[in-house]
Amino acid sequence: MKYVLMFIETEQFEKDLAAMGPDERDQVFAKVGRWLAEHQERITNRGAKLQPAHTATTVRLDRAAEPLVTDGPYIEGKEVISGFLEVEVADLDEAIAMVRSWPGCPVVEIRPVEG
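The rules behind the values
Residues numbered from 1 in each chain as written. Predicted model: local features only at pLDDT ≥ 70, side-chain atom pairs only at ≥ 80, totals over all residues. Heavy atoms only, no water. Helix = DSSP H or I, 4+ residues; strand = E, 2+ residues; numbered from the N terminus. Buried < 20%, exposed > 50% of the residue type's maximum accessible area, 1.4 Å probe, protein only. Contact = heavy atoms within 4.5 Å. Areas by Shrake-Rupley, 256 points an atom, 1.4 Å probe, with all protein chains shown as cover. Salt bridge = Lys/Arg side-chain N within 4 Å of Asp/Glu carboxyl O. Pairing = 2+ DSSP bridges. Polar contact = N/O pair within 3.5 Å; in protein donor to acceptor, adjacent residues only side chain to side chain. Axes fitted to C-alpha atoms, helices over the stretch in contact; angles between N-to-C directions.

**As for the overall build of the chain**
Each helix and strand counted, the chain has three helices and five strands in total. When the helices and strands of the chain are listed from N to C terminus, the series reads β-α-α-β-β-β-α-β. Expressed as a percentage of its 115 residues, the buried residues of the chain come to 36%. Taking as baseline every contact in the chain between residues at least 6 positions apart, the subset at least 24 positions apart corresponds to 80%. Roughly 6,800 Å² of accessible area belongs to the chain as shown, and the carbon and sulfur atoms make up 53% of that amount.

**Side note on the pattern of salt bridges**
Scanning all chains against the criterion turns up three salt bridges. Two residues, Glu94 and Arg42, come together in a salt bridge whose shortest N-O distance is 3.0 Å. Taken together, the residues span a long stretch of sequence, with Glu94 in helix α3 (residues 92–100) and Arg42 in the loop between α2 (22–38) and β2 (57–60) at a distance of 52 residues. Judged by its relative accessible area of 22%, Arg42 is partly exposed.

**Regarding the pairing of β2**
Here β2 pairs with strand β3 (residues 68–71) via four bridges, running antiparallel. Bridging from a neighbouring strand, Arg60 pairs with Leu68 of β3. In the sheet, β2 pairs with strand β5 (residues 107–112) via four bridges, with the strands oriented antiparallel. Paired with Thr57 across the two strands is Ile110, which belongs to β5.

**A closer look at the side chain of Arg111**
Residue placement: Arg111 occurs in strand β5. According to the relative accessible area criterion, Arg111 is buried, its value standing at 13%. Side-chain polar atoms of Arg111 contact the side chain of Glu109, separated by 2.6 Å.

**With respect to the sheet that holds β5**
Pairing is antiparallel in the open sheet, where five strands are placed in the order β3-β2-β5-β1-β4. Two strands lie at the open edges of the sheet, namely β3 and β4 (79–88), each paired on one side alone. Between one strand axis and the next, the sheet turns through 20° on average, direction left out of account. As judged from the nine bridges shared by strand β1 (residues 2–10) and β4, these two strands associate in the antiparallel manner. Bridge assignment links Ile8 to a residue of β4, and that residue is Ile81. Contacts from α3 reach β1, β2, β3, β4 and β5, with the element oriented near 160° to β5.

**Here's the deal with the pairing of β1**
Burial analysis of β1 places eight of its nine residues in the buried class, which makes it a mostly covered element. Inspection of the sheet shows β1 paired to β5 by six bridges, in the antiparallel sense. In the strand pairing of β5, Leu5 is matched with Ile110.

Put into C-alpha cells, the structure is as follows:
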C-alpha cells in the first residue's frame, strides 16, 4: 500500500529549532538524514492524488509519553505541513511503525494514496 507521510511543524517546534545553536541543529538534521537512509527502500516520492481527508491517520509524537494515534486529520491552525514523503509499505501498521521513530517535527499525518 502507498501512503503519504506529511510532516507537520508546530509553532513550539519551530521556536525550539530556532533557539538551537548551529551544532545542535545540525545534529537534529543528521538524525533526520539517518532516518531517511534507514527507510530509503520504502520511500518512493512519486506525486499522486490523495484519498479524502477523512481517511487519514495522525500520530502525535510526545517524547514524554506513548505516541497517540487518531483517525482523521486533526491539525490545529497553528500547525503547518512542512514536507512529505510517499512510502510503499505492507499496510497502515507498518507506516505507523515507521513514523514512531521519526526524529523531526512532532506530528506526522499518514494518508493512503488513491490507485
